[in-house]
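Structural overview for review
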Amino acid sequence: METQPIQVQPAVTKKIASKALIASLIGSSIEWFDYFLYGTVASLVFTTLFFPNHDPVVGLLLSYVSFALPFFIRPLGGIIFSHIGDRVGRKTTLVMTLSLMGGATVLIGCLPDYDAIGVWAPILLITLRCIQGLGIGGEWGGALLLAVEYSNKNSRGFFGSIPQIGVTIGMLLGTLSITILTTVLSDAQFMSWGWRIPFILSALLVFLGLWIRKGLDETPAFKEAKESGNVAKVPIIETVRYHWRAVLIAVGAKVVETGPFYIFGTFIIAYATEYQGYERTVALNAVTISVLVATVMIPLMGKLSDKVGRKPLYIGGTVAILLYAFPYFYLVSLQSDFLLIIATVIGLGILWAPVTAILGTMFTEIFTTNVRYTGVTLGYQLGAALAGGTAPLIATALLSAYSNSWIPVALYIVATSVISLIAIYFAKDKSNEELD
């Protein structure tokens, strides 16, 4: 049985939607700050302190394995928490995911290194990283639905883009905190204890997020579904049975949003410093500036999608990323600080923005309310597992296999674009329709 289109009183909608939008943004920012903080530190610290190896390439690969592994845990977290989200409610789920994610992050900051406890150091690090993966596996879908299910068809693209700003804000906070620490501390101080500070202080952000979410109400769509009895008994089964085509579309569409993102935003830090001779601060600044630009661009692109439609904008962004893959690495190879920054701003700040801005909204529009949390989460997290955390690992392996040539890495970006273009071909643009 399908739900009716969402109907909420205008006066109530404006007040509650604004609160939900803020809560969605803040919660998403905190979650992604925790996650990207690890991604940044992985290439700078963990290679030495937790995965020591005489071959620096092997150490870096092991570090990236610890970064990639939780991406395969995220679908499990997505299944667990989306089940709760579709059965019990969005609010309860979001409190649980934030608590799980935040606790694991603080504990990572307290871990002794390999010299102190030997092999238990990487084991515990990977365990906590997997717990992070479980939390964020259910977080994104809830934050997205919190925003979108309070919107209407004329503002859905803009509302759906707001949780995506949390991705860039979280990355900005993570990168900026490390940039500041590496600037004010010596290398020895940073490697010894400085890197731990943002992990431990993230506890303050978690408490703030929990306080804000505590005062939220359930979304109108979920309330209506629950009151009408349109709640799936086992959401994952109904999703796979009746919405498997939509899940496959979502998985494919996610590939170009996540693979190039981790190339432009995470891999480039190690590549620029280890392979191209850039100063670490310059590489971090390139990513930081790019994320600032993306933070402004994302809501603008979300708003634009309410006028031109989600599908045309997504295709335009994907084609642009495909065409930019080779020019990007060529510009980086010129070993100019200015060109590194400009190249990364174009890739991460401008071309990636329209794709990520509308991805979540597009996902919500292809699933019905009773399985929406499960559907969007499953598609998103499976796509992230296939092309997200593996991106830096694949890129590093390609460099090693092809004598440090960047051409195979550029071809990898092209491949992600082609996969997503094929997937989006089968998707129907429902930008002007009410949610089911």
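Conventions adopted
Residues numbered from 1 in each chain as written. Predicted model: local features only at pLDDT ≥ 70, side-chain atom pairs only at ≥ 80, totals over all residues. Heavy atoms only, no water. Helix = DSSP H or I, 4+ residues; strand = E, 2+ residues; numbered from the N terminus. Buried < 20%, exposed > 50% of the residue type's maximum accessible area, 1.4 Å probe, protein only. Contact = heavy atoms within 4.5 Å. Lys, Arg positive; Asp, Glu negative; His and termini not counted. Charge placed at Lys NZ, Arg CZ, Asp CG, Glu CD. Patch = residues over 30% accessible without salt bridge, like charges linked within 9 Å, V, L, I, M, F, W, Y side chains within 5 Å. Areas by Shrake-Rupley, 256 points an atom, 1.4 Å probe, with all protein chains shown as cover. Salt bridge = Lys/Arg side-chain N within 4 Å of Asp/Glu carboxyl O. Polar contact = N/O pair within 3.5 Å; in protein donor to acceptor, adjacent residues only side chain to side chain. Axes fitted to C-alpha atoms, helices over the stretch in contact; angles between N-to-C directions. Left-handed = near helix turned anticlockwise from the far one by under 90°. Nonpolar A, V, L, I, M, F, W, Y, C, P; charged D, E, K, R; others polar.

What about the overall build of the protein chain?
Within the protein chain, the regular secondary structure consists of 18 helices and 0 strands. On the principal axes, the C-alpha backbone points of the protein chain span a range of 60 × 45 × 35 Å. Considering the protein chain as a whole, with its 436 residues, one finds that 60% of them fall into the buried category. At a minimum sequence separation of 6, the contacts of the protein chain that also span at least 24 residues come to 86%. Placing the 27 positive and 25 negative side-chain charges of the protein chain at their respective mean positions leaves the two points 8 Å apart.

Thoughts on a nonpolar patch on the surface
On the surface, Y114, I117, V119, W120, I123 and L124 cluster together into a nonpolar patch covering about 520 Å² of accessible area. When contributions to the nonpolar patch are tallied by element, the ones reaching two or more residues are α4 (114-117) and α5 (120-148). Ranked by residue count, the leading element in the nonpolar patch is α5, at 3 residues. With respect to the helices and strands, the residue V119 is situated in the loop between α4 and α5.

With respect to unusual backbone geometry
Its identity as a non-glycine residue notwithstanding, S403 has a phi of 55 degrees, on the positive side. Structurally, S403 can be placed in the loop between α17 (390-401) and α18 (407-425). The phi dihedral of N404 falls on the positive side, at around 65 degrees, and the residue is not glycine. Tracing the sequence through the fold places N404 in the loop between α17 and α18.

Re the side chain of D306
As for its placement among the helices and strands, D306 is situated in helix α12 (residues 280-308). Among the residues examined, D306 registers a relative accessible area of 18% and is labelled buried. One polar contact links D306 to R310, side chain to side chain, over a distance of 3.0 Å. If sequence neighbours within four positions are ignored, D306 has contacts with K153, N154, S155, R156, G157 and F158.

Some remarks on the packing of α5 against helix α6 (residues 156-184)
For the pair α5 and α6, the least separation of the axes is 8 Å and the interaxial angle reads 145 degrees. Relative to α6, α5 is oriented so that their crossing is right-handed. Here α5 contributes W140, A143, L144, A147 and V148 to the contact with α6, which in turn contributes R156, F159, G160, P163 and Q164. Looking at side-chain class alone, the contact of α5 with α6 contains 7 nonpolar, 2 polar and 1 charged residues.

These results come straight from atomic positions and should not be treated as a statement about function.
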